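# Observations on the three-dimensional arrangement
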Amino acid sequence: MPDEYVRSIYEIDLDGLWNRGKRLILTDLDNTLVPWNHPQVPEELADWLQMAHARGFHVCIVSNNGEARVEAFARASGLPAVAGARKPKSAGFRAALERFQLPADAAVMVGDQLFTDIQGANRLGMYTILVLPLDPQEWWGTKVVRMAERVALMMLYGRGLKRPHMVSDGRSKDGR
């Protein structure tokens, strides 16, 4: 169960996180910050990152994607990164925490996948924020996992998970 479920990173309450003692935002890359394999940093994302840094947050990418992809985006965005994180295993999360010398309870994990981003960070006691995937295009393996994720989300809705802001037909942007 994520602590929050929002449409995108742009709906995250940075002041609220700061007031809860959070100092590090770990974030997935593909379909969380940018569409899958998108190489450039959109202006809106650059502005959000600047706002997060101005508030005092460290921001670090933690991605299962390969080193070439993650490092290229990290250079373009100016963010540190952990590539090949193998989420939900803890090593990638721990590497990011050690880099900033912060405990898990001072960190937030933001991602678009329940079974990698949210489950892995929850195991370490991090605050977790699930976001809707930015784009339906993604790695074929992720598409398979999304089927199980839909079932899990239905169960979580039954346990009280609030859906992100809905569009006029009652569904979220991605149809969840």
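The preceding data block contains the structure.
As a starting point, this report considers the structure included with it. (Residues numbered from 1 in each chain as written. Predicted model: local features only at pLDDT ≥ 70, side-chain atom pairs only at ≥ 80, totals over all residues. Heavy atoms only, no water.)

Looking at helix H4 (residues 91-100), one finds that the buried residues are Gly92, Phe93, Ala96, Leu97 and Phe100. End-on, the buried residues of H4 take up no more than an arc of 135 degrees, which puts them together on one face. Residues of H4 that are exposed and angled more than 90 degrees away from the buried face: Ala91 and Glu98. Close packing links the buried residues of H4 with strand S2 (24-27), strand S3 (58-62), strand S4 (81-82), strand S5 (107-111) and helix H5 (114-123). (Buried < 20%, exposed > 50% of the residue type's maximum accessible area, 1.4 Å probe, protein only. Helix = DSSP H or I, 4+ residues; strand = E, 2+ residues; numbered from the N terminus. Arc of directions from axis to C-beta. Contact = heavy atoms within 4.5 Å.)

Further remarks concern the packing of aromatic side chains. Under the counting rule described, the total for this entry stands at one aromatic pair. Between the aromatic rings of Trp18 and Phe57, the centroid separation amounts to 5.3 Å while the plane-to-plane angle is 85 degrees, which identifies the pairing as edge-to-face. Residue Trp18 is located in helix H1 (residues 14-19), and its partner Phe57 is located in the loop between helix H2 (43-55) and S3; the two are separated by 39 residues in the primary sequence. Phe57 gets classed as buried once you look at its relative accessible area, which sits at 2%. One Lys or Arg, Arg23, reaches over the ring of Trp18 and ends 3.5 Å from the middle of that ring. (Phe/Tyr/Trp six-rings, centres within 6.5 Å; stacked < 30°, edge-to-face > 60°. Lys NZ or Arg CZ within 6 Å of the ring centre and 35° of its normal.)

Take unusual backbone geometry next. Note that the residue after Lys87, namely Pro88, is joined by a cis bond; omega there is 20 degrees. Turning to its location among the elements, Pro88 is positioned in the loop between S4 and H4. The phi torsion at Asn31 lies on the positive side, around 70 degrees, for a residue other than glycine. If you trace the backbone, Asn31 turns up in the loop between S2 and H2.

Quick look at the nonpolar core now. One finds Ile12, Leu45, Trp48, Ile61, Val110 and Ile129 to be the most contacted residues of the largest nonpolar core, which totals 27 residues. Elements represented by at least two residues in this core include exactly H1, H2, S3, helix H3 (67-77), S5 and strand S6 (127-131). Per element, the largest residue contribution to this core is four residues, and it comes from H2. In contact with Val110, other than residues within four places in its own chain, are Ile9, Ile12, Ile25, Leu26, Thr27, Asp28, Thr32, Ile129 and Val131. In this structure, Leu24, Val82, Leu97 and Met109 belong to the second largest nonpolar core, which totals 16 residues. (Core = buried A, V, L, I, M, F, W, Y, C linked by side-chain atoms within 4.5 Å.)

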